[in-house]
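Topology and contacts: notes
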Amino acid sequence: MVNLKSLAKDTAIYGLSSIVGRFLNYLLVPLYTHYMPKESGDYGISTNIYAYTALILVLLTFGMETTLFRFANDERTKPDTVFTTAFATVGALTALFLLLVFGFITPVSSALGYAGHPEYLTMMAVVVALDALQALPFCYLRFQKRAVRFASLKLLFIVLNIGLNLLYFVWLGKTTVFYVFFINLLCTAFITLFFIPDLFRVSWHFDGRLLVQMLGYSWPILVLGIAGILNQVADKILFPLVYPDEAEANVQLGVYGGCVKIAMIMAMITQAFRYAYEPIVFAKNKDADKTEYYASAMKYFLIFTLLAFLCVVGWMPLLQYIIGEDYREGLGVVPIVMVAEIMMGVYFNLSFWYKLIDRTIYGAWFSLAGCAVLFLVNVLFIPKYGYWACAWGGVAGYGTAMVLSYVVGQRMNPIPYPMKDIGVYVLAASCAFGAMCLVGNHVSEWGALAFNTLLIVLFLALIVRRDLPLGSLPVIGKKFKKR
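Quick caveat: nothing in here was measured; it's all calculated off a predicted structure.

With that settled, consider the overall build of the protein chain. When its secondary structure is counted, the protein chain shows 22 helices and 0 strands. Among the 483 residues that make up the protein chain, the fraction classed as buried is 52%. In the protein chain, once contacts between residues fewer than 6 apart in sequence are set aside, the share between residues at least 24 apart is 83%. Accessible area of the protein chain: about 21600 Å², with a carbon and sulfur share of 68%.

Time to look at the packing of aromatic side chains. The final tally for this structure, using the stated rule, is 25 aromatic pairs. Measuring from ring centre to ring centre gives 6.1 Å for Tyr168 and Phe182, while their planes differ by 70°; the resulting arrangement is edge-to-face. Highlighted residues: Tyr168 in helix α8 (residues 147–171) and Phe182 in helix α9 (residues 177–193), separated in sequence by 14 residues. Judged by relative accessible area, which is 16%, Tyr168 ranks as buried. You can call Phe182 partly exposed: its relative accessible area is 25%. Aromatic rings pair up to connect Tyr32, Tyr35, Tyr43, Phe169 and Tyr327 into one cluster. Arg466 extends its terminal NZ or CZ atom over the ring of Tyr425, reaching a point 5.9 Å from the ring centre.

A word on helix α4 (residues 64–72). For an α-helix the count is 3.6 residues per turn, leaving residues at separations of three or four pointing the same way. Counting buried residues in α4 gives 8 out of 9 residues, a clear majority hidden from the surface. The complete set of buried residues in α4 reads Met64, Thr66, Thr67, Leu68, Phe69, Arg70, Phe71 and Ala72.

Let us look at the environment of Tyr385. Its place among the elements puts Tyr385 in helix α18 (residues 361–385). Between the alpha carbons of Tyr385 and Tyr243 there is a distance of 9.4 Å; along the sequence they are 142 residues apart.

A word on the environment of Phe451. You can see Phe451 is positioned in helix α21 (residues 445–466). Owing to a relative accessible area of 25%, Phe451 belongs among the partly exposed residues under this scheme. Taking the C-alpha atoms as reference points, Phe451 and Met436, 15 residues apart in sequence, are found 7.6 Å from one another. Ignoring anything within four residues of it in the chain, the contact list for Phe451 reads Ala435, Met436 and Val439.

Time to look at a nonpolar patch on the surface. A cluster of nonpolar side chains, Tyr35, Leu166, Leu167, Val170, Trp171 and Leu172, forms an exposed patch at the surface whose accessible area comes to about 550 Å². Here the nonpolar patch takes 4 residues from α8, the largest share from any one element. Within the secondary structure layout, Leu172 lies in the loop between α8 and α9.

Turning next to unusual backbone geometry. With a phi close to 55°, Phe62 is a non-glycine residue in the positive phi region. Along the polypeptide, Phe62 turns up in the loop between α3 (42–61) and α4.

Between α3 and helix α7 (residues 118–143), the shortest axis-to-axis distance is 9 Å and the interhelical angle comes to 40°. Classified by the angle their axes make, α3 and α7 are oblique. As α3 packs across α7, the resulting crossing turns out to be right-handed. Between α3 and α7, the contacting residues are Ile45, Ile49, Tyr50, Thr53, Ile56, Leu57, Leu60 and Thr61 on the first element and Tyr120, Leu121, Met124, Val128, Ala129, Asp131, Ala132 and Ala135 on the second. Tallied by class, residues from the contact of α3 with α7 come to 13 nonpolar, 2 polar and 1 charged.

Take the environment of Ala429 next. Relative to the helices and strands, Ala429 is located in helix α20 (residues 419–440). Judged by its relative accessible area of 3%, Ala429 is buried. On a C-alpha basis, the gap between Ala429 and Leu307 in space is 7.7 Å, while along the polypeptide they are 122 residues apart. When sequence neighbours within four positions are dropped, the list of residues in contact with Ala429 reads Leu306, Leu310 and Phe459.

Take Thr188: it is sitting in helix α9. Judged by relative accessible area, Thr188 falls into the buried class, the value being 1%. Separated by 2.8 Å, the side chain of Thr188 and the backbone oxygen of Asn184 make a polar contact. Filtering out sequence-adjacent residues up to four positions away, Thr188 remains in contact with Val127, Leu130, Asp131, Gln134 and Phe157.

Basis of the calculations
Residues numbered from 1 in each chain as written. Predicted model: local features only at pLDDT ≥ 70, side-chain atom pairs only at ≥ 80, totals over all residues. Heavy atoms only, no water. Helix = DSSP H or I, 4+ residues; strand = E, 2+ residues; numbered from the N terminus. Buried < 20%, exposed > 50% of the residue type's maximum accessible area, 1.4 Å probe, protein only. Contact = heavy atoms within 4.5 Å. Areas by Shrake-Rupley, 256 points an atom, 1.4 Å probe, with all protein chains shown as cover. Phe/Tyr/Trp six-rings, centres within 6.5 Å; stacked < 30°, edge-to-face > 60°. Lys NZ or Arg CZ within 6 Å of the ring centre and 35° of its normal. Patch = residues over 30% accessible without salt bridge, like charges linked within 9 Å, V, L, I, M, F, W, Y side chains within 5 Å. Salt bridge = Lys/Arg side-chain N within 4 Å of Asp/Glu carboxyl O. Axes fitted to C-alpha atoms, helices over the stretch in contact; angles between N-to-C directions. Parallel < 35°, antiparallel > 145°, perpendicular 65-115°, else oblique. Left-handed = near helix turned anticlockwise from the far one by under 90°. Nonpolar A, V, L, I, M, F, W, Y, C, P; charged D, E, K, R; others polar. Polar contact = N/O pair within 3.5 Å; in protein donor to acceptor, adjacent residues only side chain to side chain.

As structure tokens, then:
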């Protein structure tokens with residue numbers, strides 16, 4: 001229970017930076033979708049280029065974030081040596097990447113469909129390079145349990161980003177996608193400066209032998225990361241390439257990209273949980289009760305992601321105003337994308353069985369299988385069904401990886417997940433969602449909100465009755481203990 005409390009505390013801190021930060025970023029969605037009309041395709045361009053940068057970031061970090069936790073927790077190595085060796089490696093890859101981009105910017109921009117705007121790609125190349133350089137210092141803050149500094153820097157970036165967007169879009173009238181990328185570059189460069197003092201505080205030592213071991217551990221994670229990020233962004237990369245109407249492709253991608261922002265509450269929760277869970281789980285590997293801990297963590301993760309799912313779907317009549325009116329035609333994909341995100345979170349939880357026994361190659365195969373399914377669905381069905389194929393492709397891809405990881409994991413390194421309890425919550429959430437859909441078609445907007453809120457409260461009551469340890473909560477828990 002002590003470790004679960006630590007997990008809950010750290011998740012709350014990381015969640016503050018992630019969820020509050022993403023919420024503040026939501027303020028940019030109505031800004032962009034209001035000032036960048038759907039017909040301009042600018043929001044679709046932003047969605048497409050950010051998908052490429054997410055993929056490149058995985059390549060540049062080379063799986064070194066998870067690798068840092070694995071080797072920094074090894075009693076035979078010094079954490080500073082692990083960090084500096086990993087940082088030097090990522091730094092070298094980043095320098096090579098920038099040389100290639102600036103050396104071949106003309107053919108690259110032409111190949112990606114941005115021959116008239118190579119500046120979009122040069123700016124975002126620098127952004128992703130700086131993000132890669134920040135990744136390991138942020139990771140080291142998590143290893144050192146410096147959650148407050150981590151959260152502060154993340155929130156500073158968000159506040160600065162929003163402030164500059166309001167300045168440029170509202171007051172200065174600079175409303176093209178160029179300024180979206182330019183502002184990101186300014187903010188990312190500013191945050192990078194805060195890590196310079198930290199780099200001088202560590203004891204620098206590059207260990208070549210250690211690097212060989214780390215690369216042996218990290219390359220399957222790199223493959224896993226590539227497949228994993230492709231599961232998230234391949235649809236946004238493929239859409240302009242396979243959609244039959246080239247002129248309309250960025251318009252439709254903008255609609256999909258705007259609606260997906262509402263579904264990203266799942267990504268926030270998963271990311272916050274990961275930031276807190278990853279350092280703890282490697283340290284917990286030495287304890288005798290580790291399997292029970294992993295099983296409990298999975299259950300609580302699913303409980304609260306299902307609750308979040310119902311909240312987003314149930315309060316959609318209000319949340320729809322996050323995006324501009326022209327973009328709301330795609331709101332039907334939101335529940336589908338959220339289901340895919342839940343599956344991704346479950347897959348992340350399941351992934352530790354092969355990370356802890358140093359068999360990360362399994363993760364690579366599972367993710368590649370999921371990625372292949374996602375690619376197949378997108379390529380076959382985007383021409384006919386548009387962005388609906390993107391949403392269902394995510395479910396198919398994550399679902400494949402999740403099932404494979406569970407089946408193989410229970411044979412290789414079994415963990416007693418409470419499947420009966422999990423099944424109860426999945427069934428309850430499914431019934432609630434079905435009722436929301438049925439009733440919502442026959443009542444007013446406010447009537448739907450009232451009915452949906454009642455169902456959410458009933459689901460929350462189910463959680464409290466079955467699994468929420470109220471006695472362990474601060475302040476409230478003391479009252480329950482007295483009873």
